[in-house]
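Each chain is listed here by its residues.
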Amino acid sequence: MAKLYLEKLKCVTTEGWSGFDEPRLVVQDRGTVWNGTVLGDRMYTVKYDCNFTGRIAVSLGEDDGPAEDDKPGKHWITDTPGERSLHFKANGAEYRLLYAVE
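Let me sum up the structure you'll find in this document. (Residues numbered from 1 in each chain as written. Predicted model: local features only at pLDDT ≥ 70, side-chain atom pairs only at ≥ 80, totals over all residues. Heavy atoms only, no water.)

Let us now look at the nonpolar core. In terms of nonpolar packing, the biggest core is built from 26 residues, with Leu4, Leu6, Ile77 and Leu97 touching the most fellow members. Elements that contribute at least two residues to this core include exactly strand 1 (2–13), strand 3 (23–27), strand 4 (31–35), strand 6 (42–52), strand 7 (55–62), strand 9 (82–90) and strand 10 (93–101). (Core = buried A, V, L, I, M, F, W, Y, C linked by side-chain atoms within 4.5 Å. Buried < 20%, exposed > 50% of the residue type's maximum accessible area, 1.4 Å probe, protein only. Helix = DSSP H or I, 4+ residues; strand = E, 2+ residues; numbered from the N terminus.)

Dropping the structure here:
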């Protein structure tokens with residue numbers, strides 16, 4: 001069994017015309033584990049951890065509506081130990097999620 005640590009979310013750019021986004025991180029079988037209002041070029045603390053086996057999906061979405069462009073992406077994290085990042089980019093918004101697996 002591996003342990004996943006979601007540590008920080010870097011908002012590189014927002015898609016919102018107002019200059020802020022409302023992203024949410026969703027972990028497979030666990031639902032939304034973090035959400036908030038963010039500004040571009042800022043780092044936000046996530047601090048979520050869970051156990052998993054094999055691989056686990058992490059998705060980033062936008063809380064401002066159900067539009068398809070409000071889903072910057074889904075990635076699979078494997079149980080290979082180490083510190084890494086995931087890149088999410090869609091419709092002008094860009095994010096990096098820093099995480100670790102033990």
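As a further point, take the pattern of salt bridges. By the definition in use, this model includes two salt bridges. A salt bridge links Asp41 to Lys10; the nearest nitrogen and oxygen atoms lie 3.1 Å apart. You can see Asp41 sitting in the loop between strand 5 (38–39) and strand 6 and its partner Lys10 sitting in strand 1, a full 31 residues away along the chain. (Salt bridge = Lys/Arg side-chain N within 4 Å of Asp/Glu carboxyl O.)

Before going further, it helps to examine the sheet that holds strand 9. With antiparallel pairing, the four strands of this open sheet are ordered in space as 6-1-10-9. Whereas interior strands pair on both sides, the edge strands pair on one side only; in this sheet they are strand 6 and strand 9. With strand direction ignored, the average angle separating the axes of adjacent strands in the sheet is 20°. (Pairing = 2+ DSSP bridges. Axes fitted to C-alpha atoms, helices over the stretch in contact; angles between N-to-C directions.)

Right, let's talk about the sheet that holds strand 7 for a bit. Across the sheet, four strands lie side by side as 4-3-7-8; this open sheet has antiparallel pairing. The outermost strands of the open sheet, each flanked by one partner alone, are strand 4 and strand 8 (73–78). Across the sheet, the mean angle separating the axes of adjacent strands is 25° when strand polarity is ignored. Relative to strand 4, strand 3 runs antiparallel, the two being bridged by four bridges. Paired with Arg24 across the two strands is Asn35, which belongs to strand 4.

Of note, the phi angle at Asp29 is positive, near 65°, even though the residue is not glycine. With respect to the helices and strands, Asp29 occurs in the loop between strand 3 and strand 4. Asp29 sits in the exposed class, given a relative accessible area of 72%.

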